[in-house]
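Understanding the architecture of this molecule
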Amino acid sequence: MRISLALLFALLTMPVVGRAQVAPPPDPQPAPVKTATDGFEAAPVPPQEELYRKFTGAMENVRLAGVFTVRGREDAPPKREEYLIESVKKLPQGDFWMFKARIRYGDKDVSLPLPLEVKWAGDTPVITLTNFTIPGLGTFDSRVVIHDGKYAGTWTHGNATGHLFGTVERITPPQPLP
């Protein structure tokens, strides 16, 4: 008896009562991909009011003493700068804070209240100036991170740009600004 190929295929592929169906073996599971952040968990961020309270206390009667660099003049040593901050106070408008400050660098020395924007990277304040004019000094863009008794950031003034960094030091006894 002759069986056509089509009939043979149909017979071989049709289920047979009583014969167990064997499923193909499952595809092997790929190994989990490890990332650079495995094993790290973000620290919980304190409530906003607590961050504000800590920032206010940390920035009262302090001196930011450090240096700034000018891009394109890498062969020149960094120049001294100093910011005396008598107080900071959260303003009701958005992310703005009033800094009662004195800024000294080069032959410049000005004292004035500055309404500055402060953004938060988790629990870390970042003082943010965007096209901000400081009377007697000019217009600046800047991002300055305040963390663990230190500050660091970038600045732009006209065509000049660079970095700044230093320490945040408590002034004792407090010195009122002129």
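Residues numbered from 1 in each chain as written. Predicted model: local features only at pLDDT ≥ 70, side-chain atom pairs only at ≥ 80, totals over all residues. Heavy atoms only, no water.

Focus on the pattern of salt bridges
If the charged atoms of two oppositely charged side chains come close together, the side chains can form a pair. Under the convention used in this document: Should a side-chain nitrogen of Lys or Arg be within 4 Å of a carboxyl oxygen of Asp or Glu, the pair is scored as a salt bridge. Numbered from the N terminus, helices here are DSSP runs of H or I no shorter than four residues, and strands are runs of E no shorter than two. Accessibility here uses a 1.4 Å probe with only protein chains present; expressed as a share of the type maximum, an area under 20% marks a residue as buried, one over 50% as exposed, and anything in between as partly exposed.
For the coordinates displayed, the defined rule picks out 9 salt bridges. With a closest N to O distance of 3.3 Å, Lys 54 and Glu 50 form a salt bridge. You can see Lys 54 and its partner Glu 50 sitting in helix H2 (residues 48-58), 4 residues apart, about one turn around the helix. A salt bridge links Arg 63 to Glu 82, with the nearest nitrogen and oxygen atoms 2.9 Å apart. Linking Arg 63 in strand S1 (residues 62-68) with Glu 82 in strand S2 (residues 79-90), this pair joins segments that are 19 residues apart in sequence. The class for Glu 82 is buried, based on a relative accessible area of 16%.

Let's talk about the layout of surface pockets
Here is the rule: We place a 1 Å grid over just the protein atoms. Points where a 1.4 Å probe fits but has no way out form a cavity, open points with protein on both sides within 12 Å along at least 5 of 7 lines form a pocket, and any residue with an atom within 4 Å of a point lines it. Grid points are joined across faces, edges and corners, and a volume is the space filled by probe spheres set on the points.
Looking at the largest pocket, its volume works out to about 580 Å³. As for the largest pocket, its lining consists of 26 residues, and the residues nearest its centre are Glu 81, Tyr 83, Ile 103, Phe 140 and Leu 164. Only S1, S2, strand S3 (96-105), strand S4 (108-121), strand S5 (124-134), strand S6 (138-147), strand S7 (150-157) and strand S8 (160-170) provide two or more residues apiece to the lining of the largest pocket. Volume-wise, the second largest pocket comes out at about 270 Å³. Surrounding the second largest pocket, 13 residues form its lining, Lys 54, Ala 58, Asp 123, Pro 125 and Ile 146 being those nearest its centre. The set of elements that each furnish at least two residues to the lining of the second largest pocket consists of H2 and S6.

Overview of the environment of Thr 69
Inclusion rule: We call two residues in contact whenever any of their non-hydrogen atoms come within 4.5 Å of each other.
With respect to the helices and strands, the residue Thr 69 is situated in the loop between S1 and S2. Owing to a relative accessible area of 24%, Thr 69 belongs among the partly exposed residues under this scheme. Between the alpha carbons of Thr 69 and Thr 161 there is a distance of 8.1 Å; along the sequence they are 92 residues apart. Those residues in contact with Thr 69, other than ones at most four positions away along the chain, are Pro 78, Trp 155, Thr 161, Gly 162 and His 163.

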